[in-house]
Amino acid sequence: MSKMIVKIAGILLVGIFLLFFTIDVRAEYVLPYPSYMPGHPLYRISRILDNFNKWWYWGNIARVKYYLKLADKYIIEAKTLIEYKQYLLAAGALARSNNAIVSLPVYLEKAKNESKDITTLRSIINDAVLAHEKILFNLSVATPENILWTPEKSQPTQIHLSDLLNQAIILRTKIKNKINNL
Amino acid sequence: MIRIYILTLISLSVFSFGFIDRNIPVDDNHLLIFLRQVLGILVYEKRLWSTLIYLVIVSLLFIFYLLCLSQSRIYYVISRYPRKFLILVSLILFISFPALSYDIFNYMTTAKVAFFHKENPYLVMPIEISNEPWLAFTRAANKVALYGPTWIAITWFPFQLGKGNLLATIYAFKFVMLINYFIMLILIYRLTNNFKNVIFFGLNPLVLIEVLVSAHNDIVMMVLAVTYLILIGYKNFKSKLIGLFFFISSVFVKGATIVLFPFLFMGRNLKLPVFQISYWLMFAIFLLTPVREELYPWYAVWFITFAALTTIKKDSMLHAFTIAMTIGLSLRHVPYLYTREYGGYGPVLRTMFTLAPPLFFGLYMQARSWLIKSTSNG
């Protein structure tokens, strides 16, 4: 019995020892929790505040932070809406996330031209893009290709959700390449 | 005695150059290189000696200060040439290097983030501009701006005046504090019409060290707060409005003066002892500061200001208590000077050094009252 205990303890110790060599200690990029969603009384206010915040986030590094924050916020919004099968609203949120992410290399390049070291920011954006791609890939697998969205009081709309998700993935890959070439 | 005092101030000023951080580039200035080499050994390696030197300097400054306030001959000599004397004192300390605190470098680097890198300092930490050379000697580089927008706006002037030169920027920031120190002295004199009150503030060793040597921005906040209290007392609306502007500006330097907001509604029509109430309000907020960080010596400027604005009577408890507090707070630097670290026994020792003088003062007052009682009964 005691030999067994020693063996188990030994295996555990070796396991713990190996864990130190195998665990990547780098923190994974954390996307935010979903903010106010369409239909919530504060949703419109949060959208207005998002626009106002652009003026508060002055400076090129601050602008990178601003657009990254928006890109993250809206991709999570898109994901949540898709999960709740609100495809039309999700398409809008995804478009907003795409618009925000397009601005990242613009301001990053401006920061670089001001002789600011952009190594850390570049790495953060790369991690964020990876996190976005992971979400988009999971969604593209789980969602139908085409959806006919029929609202109660207006004309039905055809949403090519799969295309939109693929385009978003391609866009992010392009952004990643652009950023890494800066 | 005045000669000894001036010599002590010069010693303090020279001694401060030993505190030049080794990461501060002074390669183009031979005098600074020499001072750093010679005095740096004293400050960084002979720590017992540097601690003793600091203790001797602070003790001499307090002895002179107390002699001055006790209406001795020194007071009469100084009061014959008040302007010249205060200008001389402040100029000697203006030359000094900001020792005992790194806050001035934080002000400078934050100003650089805002006005040179053109980034919002409330969103971008200095450390995020990792190739910024001033990071080498900035301690709070991993924090966004710690002070309000009024202060950030004010720093535009010294930052521009420095023209990117490190040493010039340091002295430009010190110049802002010097100007505010003089404004405060003028305000105290105008409000009290008593030179003794001016001395109570202007020659307090803690004020001299924290405002003129270490260049803390608390003096700016207090100048704005006192101006607010003056203006709010006027009856016309325009003055009250400008007073409100000064109040908001003061709060947006460091926030502590927010406790003075009740005066916005009271004005001074009720004949309230405004400055006395302000003293206790600022003292209360001072006592609350350990909740956020710790009792920093320069926070004492908040209540010394109002002590200087109240009438100094013989045996004034408020003033004696303030002096005891400032002695204790000036001694807070001692454990760091000796150990060169903030942790370990530092916090306990700092608390002990801070509390000892006010406790002795309390015991002395208690013993004195017992003695008076027993004498009158007998």
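Residues numbered from 1 in each chain as written. Chains lettered and ligands numbered in written order. Predicted model: local features only at pLDDT ≥ 70, side-chain atom pairs only at ≥ 80, totals over all residues.

J.: Quick question: what am I supposed to make of the overall build of chain A here?
T.: For chain A, the count of helices and strands is six helices and two strands. When the helices and strands of chain A are placed in sequence order, the string is α-α-α-α-α-β-β-α. Looking at chain A as a whole, 30% of its 182 residues are labelled buried. (Helix = DSSP H or I, 4+ residues; strand = E, 2+ residues; numbered from the N terminus. Buried ≥ 20, exposed ≤ 12 C-beta atoms within 10 Å, placed from the backbone.)

J.: I'm lost on the overall build of chain B in this one. Help?
T.: Tallying secondary structure elements over chain B gives 19 helices and zero strands in all. Looking at chain B residue by residue over its 378 residues, the buried ones come to 42%. Of the contacts formed within chain B by residues at least 6 apart in sequence, a portion of 67% connects residues at least 24 apart. (Contact = placed C-beta atoms within 7 Å.)

J.: Just to check I follow, could you spell out the confidence of the model for chain B for this structure?
T.: Detailed reading of the predicted coordinates is not advisable wherever pLDDT falls low. When the pLDDT values of chain B are averaged, the result is 90; 98% of them are 70 or greater. Listed scores for the predicted complex are pTM 0.87 and ipTM 0.82. (pLDDT = per-residue confidence, 0-100.)

J.: Sorry if this is basic, but what is going on with unusual backbone geometry here?
T.: Glycine aside, negative phi is the norm for most residues, and most peptide bonds take the trans geometry. The phi angle at S115 of chain A is positive, at roughly 65°, despite the residue not being glycine. Relative to the helices and strands, S115 of chain A is located in the loop between α4 (87-113) and α5 (119-142). A positive phi angle is found at K163 of chain B, which is not glycine, with a value near 50°. The residue K163 of chain B is located in the loop between α8 (156-162) and α9 (166-192) in this model. Judged by local crowding, K163 of chain B falls into the exposed class, with 9 C-beta atoms found within 10 Å.

J.: Before we go on, may I ask you to explain the nonpolar core in this structure?
T.: Generally speaking, nonpolar side chains in soluble globular proteins are found buried as a group. One finds L104 of chain A together with M282, A300, V301 and F303 of chain B to be the most contacted residues of the largest nonpolar core, which totals 136 residues. In terms of residues, this core owes the most to one element, helix α3 (residues 60-83) of chain A, which gives 14 residues. If sequence neighbours within four positions are ignored, F303 of chain B has contacts with Y279, M282, F283, F286 and T322 of chain B. (Core = buried A, V, L, I, M, F, W, Y, C linked by C-beta atoms within 7 Å.)

J.: What should I look at first to understand the environment of Y364 of chain B in this one?
T.: Residues and elements named next belong to chain B. Following the sequence through the fold, Y364 ends up in helix α19 (residues 346-377). We classify Y364 as exposed; it has 12 C-beta atoms within 10 Å. Separated by 152 residues in sequence, Y364 and L212 have C-alpha atoms that sit 32 Å apart.

J.: In this structure, what is going on with the packing of α3 of chain A against α4 of chain A? I would like to understand it.
T.: In a pair of packed helices, the angle between the axes and the distance between the axes together describe the arrangement. All names here are of chain A. Packing of α3 against α4 leaves a shortest axis separation of 7 Å and a crossing angle of 160°. Here α3 is positioned roughly antiparallel relative to α4, judged by the angle of their axes. Where α3 crosses over α4, the two elements pack in a sense that is left-handed. (Axes fitted to C-alpha atoms, helices over the stretch in contact; angles between N-to-C directions. Parallel < 35°, antiparallel > 145°, perpendicular 65-115°, else oblique. Left-handed = near helix turned anticlockwise from the far one by under 90°.)

J.: Looking at this structure, how should I read helix α6 (residues 161-180) of chain A?
T.: End to end, α6 of chain A covers 29 Å across 20 residues, agreeing with the expected 28 Å (1.5 Å per residue, within 8%). Residues of α6 of chain A that are buried make contact with α4, α5, β1 (147-149) and β2 (157-159) of chain A. (Expected span 1.5 Å × (residues − 1).)

J.: Where do I start with the packing of helix α11 (residues 205-213) of chain B against helix α17 (residues 317-330) of chain B in this structure?
T.: All names here are of chain B. Where α11 meets α17, the axes come as close as 9 Å, and the angle between the chain directions of the two elements is 45°. One way to sum up the angle between α11 and α17 is to call them oblique. Along the contact surface, α11 presents P205, L206 and I209, while α17 presents T326, L329 and S330. In the contact of α11 with α17, the residues fall into four nonpolar, two polar and no charged. (Nonpolar A, V, L, I, M, F, W, Y, C, P; charged D, E, K, R; others polar.)

J.: What exactly am I supposed to notice about the environment of A168 of chain A here?
T.: Residues and elements named next belong to chain A. Tracing the sequence through the fold places A168 in helix α6. Distance from A168 to L89, taken between C-alpha atoms, is 16 Å for residues 79 residues apart in sequence. In this structure A168 touches L94, N98 and L136, once residues within four positions along its chain are discounted.

J.: Would you explain the environment of V89 of chain B in this entry?
T.: Residue and element names in this part refer to chain B. Assignment of secondary structure puts V89 in helix α5 (residues 82-95). With 18 C-beta atoms packed within 10 Å, V89 lands in the partly exposed category. Remark: the alpha-carbon pair of V89 and F157, spanning 68 residues in sequence, is separated by 24 Å.

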